[in-house]
Amino acid sequence: MPPGTIVAGKDGSSQFDIFATYQSILKNEEISTPLAAILALTELIEKSNAGTMFELVKALNDGAEVLKERTPNPISLNAGCELFIAFAYLFPHDSDSFSGLKTELVKQGQRYAAEALTYREKIAKLALGFIKDGSVILTHSYSRVVMKTLLRAHERKRISVYVTEARPRGLGLRTYDELTAAGIPCTVVLDSAVSYVMDQVDFVLVGSEAVVESGGLINAVGSNQIAIIAKAANKPFYALAESYKFHRLFPLSQYDLPTHNPSILSFPLSSAATAVSHSPSSIGPSGGKTLTSEGPRFMTQEQVACNPDVDYTRPDLISLVFSDVGSLTPEGVSQYLVGMFAG
Amino acid sequence: MTESVTTIKAIASPLPSQPQGEASGSQPPKSQKNMTKAERREQQEKQRAAKAAAKSAGPSAKPAAAAGGSNVKSAPSAATVPAAGTPAKRSDRRGTVSGREAPNMFDEPGKARGLRIFSHFGLPKPPGQAKGDIHPAIIRLGLQFSEFKIAGANARCIATLTAFKTVIQDYVTPPNNTLSRHLMTHLSPQITHLVSARPMSVTMGNAIRQLKLEISGSDIDLPEQDAKDALCLKIDNYIRDRIIIADQVIQEIAGNKIKDGDVILTYARSSVVEKVLLRAHAEGKQFSVIVVDSRPMLEGKKLLSVLTSVGIQCTYLLLPAIGAVITEASIVFVGAHSLHSNGAVFSRAGTALVAMMAKQHSVPVVVCCETYKFSETVQLDSFIKNELAPAGDLFSSFPITRPKSTLTLSGQSNLEILNPLYDLTPPSSITAVVTEVGVIPPSSISSIPLALGRSTL
């Protein structure tokens, strides 16, 4: 079904495939998941025939549920949805013209999305002040906002970048390609070599999936490790996050994240499973027993599936969060969030 | 007041309100001038002892009754000192006398004079005679407070407000006066009486401040009964909104943090945590609880009985043994007496140890606290403000293998018992605070007024 199709429902109301809309919006590289969610919800308002605020909020919540169910990692999506629904709910309106209110909401949503595209630029400018000439920066995986900041910095200063491989998706290699293409000296570092390289680094810069109420950070798995090592080596750890990624979640530990499920870090149920791992996915000669003759070995799909995609970095490990609303300490994030969602 | 003065005149020469040292009894053969300094001091000590004995012999509400009663009782106990002097002094200078008397409550002349280092905590004392007309409901409440029949920040606040409702209903505005101006002066001695029974909790303080605000804001033109009803309604709303409903919201939010298979550790007895656990159990979550308790209050026993009666699997231990079980716990829930603006939690003594231990072992510590418990003060340690537990029978919970008389610790000249009731948990040991506005990190207390749409707490 082509995206954005309106299908007539049983009761005559037009149904609207929100997930397809969301996916088509995501095709635009610049737009991140929370923004895409906001735009998708804006379209839902446009197509909805709700008559009262209550119905509208209900429709929005249902749409958000659909999106959440069908996305494997819904944290940043949640952030965008909640932000928009809270905005719609708190929007001052006079009760006479409801359709006028809907139009206004749609306009505001689209205007916000357009403005949000400039947030990365704002953050890059802000972070620029913290990057000195000749800095050695460590970053993790691939992040659009970090990329923009580094390219910006390269225009006026000399920087060199270490980027982690970020297994299993290997997005660090994409960072490497883009930075090298721009002429920035870059080296890929093994995830396990971060502590080896930390003393050479001036500071750490990472992007984010979400910044949570405690002031902590949710990002690709490996960020927590880097933060702990940076703390131990007394290097600043900076997180870059657009304000729509601020989320009212409060994880008490890694296992309190919504992405955590019982299959992650679970032990295999039977010994038959362990035999599978010696299958011919290894490159070396099969049947060879000596370690020297085997090539590098890789995890199987099942083994990778037992691992998390994102992890939670505690606020005491983070030095500053750079955002379009300014540079905030982790405590400041919570105060901003409470102020934003205040009723 | 007049009765006691007559009594004095009947028995002895009139005793003016002189400073204690100079008071001359009617009967010592020497006059004050002839006594040496040592003898004067000795007499002073005897008078003080007699006063202490008289006071403990007859606590009661009305000064007149006390004068008569203690006259009779103290006459046999105080040999040389005229008993008539004491009631007059007591009722004349009730405030200063009780203030000075308190630290010496449990000593006799010649023995140790009470706690030296933590004397600013204020020993628990039986409520003195009520000065002025204290409402019977307040007197009853004062007695309940001083005997710890009502304990716990929430319980005390609700009891106080309920008593104040009675006081307000019974209040009659004097002529040429308005309710909004005079009611406050009427309530002040009642509040002082409660404070003398037991130092005011932060919850009571916040509630009373809100009440004062409501009183001063009440409409002057309203007929008296309407104004009183309006105030009582406001009190009811305050209790409902900021305690009862807040508790329900906290139960829900904290309940979301409880997952099947969790081992929850809690300390002593917090009314909010108890409700959270009961509700989570009622929703069908499977978890077990470790109740950590401490002497001498042993409040955890009550929590244990409540939880086991609904079928929650519990483990009970005393605080010194917490190192053995902390690795088993997956989450720690504690309550609070008050929360300060630097993020520190003021709670039952021992909470700080539990929190620090949990932090050491990476167990998240969650404090359940309603927003009306927030205090705008900053507290840095447990010494600056605290309260002592009532001196009771310390060994009542032990199996009796020796006669009780050998177990008592009081009456020894070199030994003082120090039992602070509260301690301060630093914000670094706390992971999260659950309030009715959501889960917040302890450092964000100051943004709560914004969340509630107000300018102050």
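Cut-offs applied
- All residue numbers refer to position in the chain's written sequence, counted from 1.
- As a convention, the first chain written is A and the first ligand written is 1, with the rest following in written order.
- Where local features are concerned, this predicted model is filtered to residues with pLDDT of at least 70; where side-chain atom pairs are given and counted, the filter is 80 or more; whole-chain, interface and lining totals use all residues.
- Heavy atoms throughout the structure, all of them, feed into the side-chain values; hydrogens and water do not.
- Only DSSP runs of H or I covering at least 4 residues are called helices, and only runs of E covering at least 2 are called strands; the numbering of each starts at the N terminus.
- Here's how the labels work: a residue is buried when its accessible area is under 20% of the maximum for its type, exposed when over 50%, partly exposed in between, all with a 1.4 Å probe on protein chains only.
- Between two residues, a contact is recorded if the distance between any of their heavy atoms is within 4.5 Å.
- Computed by Shrake-Rupley with a 1.4 Å probe, the accessible areas treat only the displayed protein chains as cover when residues are assessed.
- Here, strands pair whenever DSSP counts at least two bridges between them.
- All axes are obtained by fitting lines to C-alpha atoms, using only the stretch in contact for helices, and the reported angles, taken between N-to-C directions, cover 0 to 180 degrees.
- One speaks of a salt bridge when a side-chain nitrogen belonging to Lys or Arg is within 4 Å of a carboxyl oxygen belonging to Asp or Glu.
- Joining two parts hides part of their accessible area as seen by a 1.4 Å probe, and the buried area is that hidden amount summed over both.
- Each residue is assigned to one of three groups, with Ala, Val, Leu, Ile, Met, Phe, Trp, Tyr, Cys and Pro labelled nonpolar, Asp, Glu, Lys and Arg labelled charged, and all others, Gly among them, labelled polar.
- Here, the term nonpolar core denotes a set of buried Ala, Val, Leu, Ile, Met, Phe, Trp, Tyr and Cys residues that are joined through side-chain atoms within 4.5 Å.
- By the definition used in this description, the sense in which the near helix is turned from the far one sets the handedness, with an anticlockwise turn below a right angle giving left-handed and a clockwise turn giving right-handed.
- Handedness rule for crossovers: strands pointing away from the viewer, path from the first strand over the helix to the second running clockwise, crossover right-handed.
- Two rings belonging to Phe, Tyr or Trp (six-membered ring only in the last case) form a pair when the distance between their centres is within 6.5 Å. Interplanar angles under 30 degrees mark stacking, angles over 60 mark edge-to-face geometry, and anything in between is tilted.
- Charge-over-ring contacts are defined here by two conditions on Lys NZ or Arg CZ: a distance within 6 Å of the ring centre and an angle within 35 degrees of the ring normal.
- As used throughout, domain bounds are those supplied by an automatic or database domain assignment.

J.: Could you give an account of the overall build of chain B, with specific residues and numbers?
T.: Secondary structure summary: chain B contains 16 helices and 11 strands in total. Taken across its 457 residues, chain B has 49% of its residues classed as buried. Within chain B, residue pairs in contact and separated by at least 24 positions form 77% of the contacts whose partners lie at least 6 positions apart. When the accessible surface of chain B is totalled, it reaches about 22,000 Å², and 57% of it is carbon and sulfur.

J.: Summarise the overall build of chain A; cite the residues concerned and give the values.
T.: When its secondary structure is counted, chain A shows 13 helices and 13 strands. Counting over 343 residues, chain A shows a buried share of 45%. Looking at chain A alone, contacts between residues at least 24 apart form 74% of all its contacts between residues at least 6 apart. Carbon and sulfur atoms form 55% of the exposed surface of chain A, whose accessible area is close to 17,000 Å².

J.: Can you explain the sheet that holds strand β6 (residues 203-206) of chain A? Please cite residues and give values.
T.: Residue and element names in this part refer to chain A. Pairing is mixed across the open sheet formed by 7 strands, whose spatial order is β5-β4-β3-β6-β9-β12-β13. Whereas interior strands pair on both sides, the edge strands pair on one side only; in this sheet they are β5 (186-189) and β13 (326-328). Strand after strand, the sheet turns through a mean of 25 degrees between neighbouring axes, direction not considered. As paired elements, strand β3 (residues 135-139) and strand β4 (residues 159-164) share 5 bridges and run parallel to each other. Of the residues in β4, the one forming a bridge with Val 136 is Ser 160. Contacts from helix α8 (residues 171-182) reach β4 and β5 within the one sheet, and its direction differs from that of β4 by about 160 degrees.

J.: So what's going on with the pattern of salt bridges? Which residues, and what values?
T.: Residues and elements named next belong to chain A. In total, this model carries 31 salt bridges over all chains according to the counting rule given. Ionic pairing is found between Glu 121 and Arg 152, a salt bridge with its closest N-O pair at 2.8 Å. Taken together, the residues span a long stretch of sequence, with Glu 121 in helix α6 (residues 119-128) and Arg 152 in helix α7 (residues 144-156) at a distance of 31 residues. Its salt-bridge partner being Lys 245, residue Glu 242 comes within 3.2 Å of it at the nearest N-O pair. Like Lys 245, Glu 242 is buried.

J.: Account for the interface of chain B and chain A, naming residues and giving values.
T.: On the side of chain A, 15 residues touch chain B, which itself brings 17 residues to the contact. Here chain B meets chain A over a buried area of about 1,300 Å², counting both sides, of which 61% is carbon and sulfur. Counting across the interface, chain B meets chain A through 2 salt bridges. In this structure, B:Lys257 and A:Asp256 form a salt bridge, with 3.1 Å as the shortest nitrogen-oxygen distance. Counting residues per element, the ones that place at least two in the side of chain B that touches chain A are β11 (438-440) and α16 (448-452) of chain B. Counted by class, the side of chain B that touches chain A contains 10 nonpolar, 5 polar and 2 charged residues.

J.: I'd like a description of the nonpolar core, backed by residues and values.
T.: Counting 37 residues, the largest nonpolar core has A:Tyr22, A:Leu60 and A:Leu67 as the members making the most contacts within it. Those elements that provide at least two residues to this core are α1 (18-26), α2 (33-47), α3 (53-70), α4 (75-90) and α5 (98-116) of chain A. A per-element tally of this core places α2(A) first, with 9 residues. Excluding its chain neighbours within four sequence positions, the residues that come into contact with A:Leu60 are A:Leu41, A:Leu44, A:Ile45, A:Phe84, A:Ile85 and A:Ala88. Judged by nonpolar contacts, the second largest core, of 35 residues, contains B:Leu161, B:Ile208, B:Leu211 and B:Ile215.

J.: Could you give an account of the packing of helix α7 (residues 153-170) of chain B against helix α9 (residues 202-216) of chain B, naming the residues involved and the relevant values?
T.: Residue and element names in this part refer to chain B. Two elements in contact, α7 and α9, have axes separated by 8 Å at closest approach and are oriented at 30 degrees. In terms of crossing hand, the pair formed by α7 and α9 is right-handed. Facing α7, whose interface residues are Ala 153, Arg 156, Cys 157, Thr 160, Leu 161, Phe 164 and Ile 168, α9 presents Thr 203, Met 204, Ala 207, Ile 208 and Leu 211.

J.: Go over the pairing of strand β1 (residues 262-267) of chain B with me, naming the residues and quoting the values.
T.: On a regular strand, one side chain projects to one face of the sheet and the next to the other, so that they alternate. Residue and element names in this part refer to chain B. For β1, a buried count of 6 out of 6 residues is recorded, marking the element as mostly surrounded by other parts of the structure. Where burial is concerned, the two faces of β1 agree: the one with Asp 262, Ile 264 and Thr 266 and the one with Val 263, Leu 265 and Tyr 267 are both buried. Across 6 bridges, the pairing between β1 and strand β2 (residues 287-293) is parallel. Residue pairing across strands places Asp 262 opposite Phe 287, the latter belonging to β2. Crossover β1 to β2 through helix α11 (residues 271-282) is right-handed. Across 3 bridges, the pairing between β1 and strand β4 (residues 331-335) is parallel. Bridge pairing in β4 places Leu 265 opposite Val 332.

J.: An account of the packing of aromatic side chains is requested, with residue identities and associated values reported.
T.: A full pass over the atoms with the stated rule returns 11 aromatic pairs over all chains. Look at B:Tyr238 and B:Tyr372: their rings are 6.4 Å apart centre to centre, the planes differ by 90 degrees, and that puts the pair in the edge-to-face class. With a gap of 134 residues between them, B:Tyr238 in helix α10 (residues 224-256) and B:Tyr372 in the loop between β7 (365-368) and β8 (374-375) connect regions that are remote in the sequence. Here B:Tyr238 and B:Tyr372 have matching classes, each one buried. Among the aromatic residues, ring-to-ring pairing joins A:Phe130, A:Phe203, A:Tyr238 and A:Phe322 into one connected group. Above the ring of A:Tyr142, the side-chain terminus of A:Arg174 is found at 4.0 Å from the ring centroid.

J.: An account of the domain arrangement of chain B is requested, with residue identities and associated values reported.
T.: Interface size is commonly expressed as the accessible area that is lost once the parts come together. Residues and elements named next belong to chain B. By domain assignment, chain B separates into domain 1 (136-247) and domain 2 (259-451). For domain 1 and domain 2, the distance between their C-alpha centres works out to 28 Å. Across the boundary between the two partners, domain 1 contributes 16 residues, which contact 18 residues of domain 2. Across the interface of domain 1 and domain 2, roughly 1,500 Å² is buried in total on both sides, 52% from carbon and sulfur atoms. Between Glu 387 and Arg 198 there is a salt bridge, with its nearest N and O atoms 2.4 Å apart.

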